[in-house]
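Architecture at a glance
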Amino acid sequence: VQLVESGGGLVQPGGSLRLSCAAYGFRFGDYAMSWYRQAPGKERELVAEISRIGGWTNYADSVKGRFTFSRDDAKSTVYLQMNSLKPEDTAVYYCKGQYIYNGANVYWGQGTQVTVSS
């Protein structure tokens, strides 16, 4: 079982990045997916979440209107399109998968660094 994030990097304020998270070893369609982030010295926080099949999404107030969360079940992959990036978006971004039927199975990726700086 594995979640592998990619797409992080250094970007200037106002720029864009697209994060990807590929799932391996479990029935992706039975999992709700989410993105969290953790900045230095701060607690991990929820950024966005998406339901099974992608019928419902939810975003933190700080990213609404700038980030878009989507999933491609055929590729067992989720994406986080991040636009109008701000320095306060700088953090390690983590992908999480949670089994929708009982919530007992929870998987995390290793994280990908996003740095927004001029």
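Residues numbered from 1 in each chain as written. Predicted model: local features only at pLDDT ≥ 70, side-chain atom pairs only at ≥ 80, totals over all residues. Heavy atoms only, no water.

Focus: the nonpolar core
- Counting residues in hydrophobic clusters, the biggest one holds 27 residues, and the most contacted among them are M33, W35, F69, L80, M82 and Y93.
- Elements supplying a minimum of two residues to this core: β3 (17-24), β4 (31-38), β5 (45-50), β7 (67-72), β8 (77-82), β9 (91-99) and β11 (112-116).
- Here this core takes 4 residues from β3, the largest share from any one element.
- When near neighbours in sequence (up to four residues on either side) are disregarded, F69 contacts M33, S34, W35, A48, E49, I50, T57, Y59, V78, Y79 and L80. (Core = buried A, V, L, I, M, F, W, Y, C linked by side-chain atoms within 4.5 Å. Buried < 20%, exposed > 50% of the residue type's maximum accessible area, 1.4 Å probe, protein only. Helix = DSSP H or I, 4+ residues; strand = E, 2+ residues; numbered from the N terminus. Contact = heavy atoms within 4.5 Å.)

Points about the packing of aromatic side chains
- Scanning the model with the defined rule gives 6 aromatic pairs in all.
- Centroid distance F26 to Y107: 5.0 Å. Interplanar angle 40°. Geometry classified as tilted. One end of the pair, F26, is in the loop between β3 and β4; the other, Y107, is in strand β10 (residues 106-108), with 81 residues separating them in the sequence.
- Put simply, the rings of F26, Y31, Y99, Y101 and Y107 touch in pairs and so form one group of aromatic residues.
- For R44, the ring lying beneath its charged end belongs to Y94, and the centroid distance is 3.8 Å.
- We note R44 situated over the ring of W108; from NZ or CZ to the ring centre the distance is 4.7 Å. (Phe/Tyr/Trp six-rings, centres within 6.5 Å; stacked < 30°, edge-to-face > 60°. Lys NZ or Arg CZ within 6 Å of the ring centre and 35° of its normal.)

Describing the pairing of β9
- In this sheet, β9 lies alongside β4 in antiparallel orientation, the contact comprising 8 bridges. Within the sheet, the bridge partner assigned to W35 lies in β9 and is C95.
- The pairing of β9 with β11 spans 3 bridges and is classified as antiparallel. Across the sheet, residue A91 finds its bridge partner in β11, namely V114.
- As judged from the 3 bridges shared by β9 and β10, these two strands associate in the antiparallel manner. Paired with K96 across the strands is W108, a residue of β10.
- Taking the residues that link successive antiparallel strands as the turn, the β9-β10 hairpin has 6 residues, and the phi of G103 there is positive, at about 70°. (Pairing = 2+ DSSP bridges.)

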